[in-house]
Amino acid sequence: MRGSPRSPRARRAGIGTALNYALLFLLAFMTFFPLYNILVVSLTGPAKIAAATGLSVIPRDPSLATYLTLIQIPKVARGLVNSIYITVVGVFVNMSLTCLAAYALSRPRLPGKSYIMVFIIVTMIFEGGLIPDFLLMRDLHLLNKYASVILYKAVNAYYLIIMIRFFEEVPLSLIEAGKMDGVGELRTLFSIVLPVSKAGVATVSLFYCVFHWNEYFRAMIYLTNPDKWPLQVVLRELIVSGDKAAFIGALNYLKYDVGAAQVDMKALKAGVIVLAVLPILLLYPVLLRYFSKGVLSGAVKE
Amino acid sequence: MRQGSGGLGRDIGRAFPLYLMLLPALAYLALFCYVPMWGARLAFMDFSFTGNHAWAGLKHFRTLFSSPAFGAVIANTIIISAMKIFINFPMPIILAIMLAEIRSKKMIRIVQSVIYMPHFLSWVVISGIFLNLLSLEDGAVNRLIVFFGGKAFPFLTQGTSIRWVFVFSEMWRSIGWDSLLFVAAIIRIDPEVYEAALMDGAGTFRRIFAITIPAILPTIITVFTLNLGFFMNAGFDQVFNMMNDAVLSKVDILDTYVYRLGLQNGEFSYATAAGLFKGVIGLGLIFATHFGSKRLTGKGVW
């Protein structure tokens, strides 16, 4: 007879492994399905939307009616533009401040470095709180200006420290060679350190990018004019209020070609959720690669 | 001989461009982080729109501590936070151990890339997903309950069940991402130790309890103390986006209370006092856990 009889232990391990696989699959499925279902609902056509449920697996009467309606709703279109604007300008401000500071702090023997680090780390563990933040914005006349949201957490101490770690890895010889040629600090940063730390720049920019894209609370309280709201705030209003007429605007209610009146509220909500998730989904492979590196580099302390 | 002070002076002089590069970030932190910290003294004053706040001593704190609503808010904060820590904290550790048992690298990558996803979504989006998932008529969960002969349950409008919704939505969002640090810690374990255990005939569970868990214990303790330090947060975004009037008394936490009183009712001083109270407790917890963790593992929070 060929084959060796399997020991009871091996068989037990086999069952254990199968159970392990099954549980992990279940977890992955439970993570994936609610998201997938939202996409299905958003793609279900007006004729079948009433029958779409949380268990729908395929969009029946598939159509883009939801999205065609959404882009005609000024709030949604403006929300998208605002979100993109805040994210792009925000990340630019974040990276300018963070890279300049991180470069200075990554130089060996910067006099007073430990005091400066304490100054920065204190902002990680203590904050003034919501009301003092709000009153400061009011005093600076930044309320209802995009700048209030762009400047919120413009320097994140945690991300700054990650950036310093990346810059510290740039070989000193590269920098010293530049110094010999009389290259200034700013030029050293831009022509030597940044090109060598592409991974670090990508990691930290993506951190800031996701932060701005997902931010809603400060935008909601600082931006009093709904025309300036980013998509997340618009989505929140839609989810919380759930009132179609209020959301679309009573006056606009009947004038859409696709017939907003026929598009279900459920589908509209699902559509906005998809729009809010889309950029993250598109960037996901990149996010995954750099985020895990960033988190681990921040966690490994010397 | 003159190296000492003259050297330092020269170092500072040479570092002048570096200080200039640091200036924007430090000025930002001073204005947007330190000024609000100073602004928190409003808790001891009576707010006035003219800016001439009069000192009020501990008046607002006295009102705070004698208000029955505040007692309920503290209780809610502690209950929700405790539920989350005790139920959710072990999950990513178990998940990391389960993942480590899987041989196929490809399988691990697939599972990881799915379960990391929710970490990148905003709480507005996650709330939208959970409201959809738990909706009374169409939600997947209630559909399943009805399918198996049960009765649809209003998860979101019952005080006790919505607390569980907070626990599970938090778990849904972070179980994958939070396992990252533990997976990394398990990878660092010397494979020879496992091989030796295998030689000695140690079974799977024996291996996990005798090798894996002791090896990652420092990571577990560090992450746990870090979580304890943020105990008073209890997850503002979640509560803020999922709560409704029906459950307010059971889910109102410190941060939502500060928001409602301060920004909706305009009681700036009183809300600042509530916020400061939370900040001081939080700070105490962070320091306590920092020194506790230092004593236990030699590694602090910062």
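Everything numeric in this text was worked out from a predicted model, so none of it was measured.

## Points about the domain arrangement of chain B
Residues and elements named next belong to chain B.
Point 1. Taken domain by domain, chain B holds domain 1 (3-46) and domain 2 (70-297).
Point 2. The C-alpha centroid of domain 2 is placed 36 Å from the C-alpha centroid of domain 1.
Point 3. On the domain 2 side, the residues contacting the six residues of domain 1 number five residues.
Point 4. Between domain 1 and domain 2 lies a buried interface of about 410 Å² when both sides are counted; carbon and sulfur atoms form 75% of it.
Point 5. Three residues, Ala 40, Leu 42 and Ala 43, lead the burial of domain 1 against domain 2; their summed loss comes to 79% of the area buried on that side.
Point 6. Linking domain 1 with domain 2 are zero salt bridges.
Point 7. Remark: the boundary between domain 1 and domain 2 carries one residue pair in polar contact (both at pLDDT 80 or more).
Point 8. Looking at side-chain class alone, the side of domain 1 that touches domain 2 contains five nonpolar, no polar and one charged residues.

## Things to note about the nonpolar core
Point 1. Core analysis: the biggest nonpolar cluster contains 183 residues, and Leu 105 and Phe 167 of chain A together with Phe 120 and Leu 121 of chain B have the highest contact counts within it.
Point 2. Broken down by element, this core gets its largest block of residues, 17 residues, from helix H14 (residues 265-299) of chain A.
Point 3. Excluding anything up to four places from it in sequence, Leu 105 of chain A contacts Leu 110, Lys 113, Ile 116, Met 117, Ile 120, Leu 160, Ile 164 and Glu 168 of chain A together with Leu 22 of chain B.

## Side note on the pattern of salt bridges
Two side chains bearing opposite charge may form a pair once their charged atoms approach each other closely.
Point 1. Counted under the stated rule, the structure contains twelve salt bridges over all chains.
Point 2. In this structure, Arg 207 of chain B engages Glu 101 of chain B in a salt bridge whose closest nitrogen and oxygen atoms are separated by 2.9 Å. Separated by 106 residues along the polypeptide, Arg 207 of chain B in helix H11 (residues 204-229) and Glu 101 of chain B in the loop between helix H5 (90-100) and helix H6 (105-115) bring together distant segments of the chain.
Point 3. Classification of Glu 101 of chain B as partly exposed rests on a relative accessible area of 24%.
Point 4. Each member of the salt-bridge network shares a partner with another, and the members are Lys 266 of chain A together with Asp 138 and Arg 143 of chain B.

## Quick notes on the environment of Leu 223 of chain A
Point 1. Among the secondary structure elements, Leu 223 of chain A is positioned in the loop between helix H11 (217-222) and helix H12 (231-241).
Point 2. Beyond its immediate sequence surroundings of up to four residues, Leu 223 of chain A is in contact with Asn 144, Lys 145, Tyr 146, Ser 148, Val 149, Arg 218, Lys 228, Trp 229 and Pro 230 of chain A.

## Describing the layout of surface pockets
Point 1. Space inside the second largest pocket adds up to approximately 1,100 Å³.
Point 2. Around the second largest pocket, the lining is made up of 32 residues, and of these Ala 100, Ile 102, Lys 105, Ile 108 and Ile 187 of chain B lie nearest the centre.
Point 3. At the level of secondary structure, the elements contributing two or more residues to the lining of the second largest pocket comprise H14 of chain A together with H5, H6, helix H9 (159-187), helix H10 (191-199) and H11 of chain B.
Point 4. With six residues, H6 of chain B is the single largest residue contributor to the lining of the second largest pocket.
Point 5. The residue makeup of the lining of the second largest pocket, split by class, is 20 nonpolar, four polar and eight charged.

Rules used in this analysis
Residues numbered from 1 in each chain as written. Chains lettered and ligands numbered in written order. Predicted model: local features only at pLDDT ≥ 70, side-chain atom pairs only at ≥ 80, totals over all residues. Heavy atoms only, no water. Domains from an automatic or database assignment. Contact = heavy atoms within 4.5 Å. Buried area = accessible area lost by both parts, 1.4 Å probe. Salt bridge = Lys/Arg side-chain N within 4 Å of Asp/Glu carboxyl O. Polar contact = N/O pair within 3.5 Å; in protein donor to acceptor, adjacent residues only side chain to side chain. Nonpolar A, V, L, I, M, F, W, Y, C, P; charged D, E, K, R; others polar. Core = buried A, V, L, I, M, F, W, Y, C linked by side-chain atoms within 4.5 Å. Buried < 20%, exposed > 50% of the residue type's maximum accessible area, 1.4 Å probe, protein only. Helix = DSSP H or I, 4+ residues; strand = E, 2+ residues; numbered from the N terminus. 1 Å grid on protein atoms, 1.4 Å probe; cavity = no way out; pocket = protein on both sides within 12 Å on 5 of 7 lines; lining within 4 Å. Points joined across faces, edges and corners; volume = space filled by probe spheres on them.

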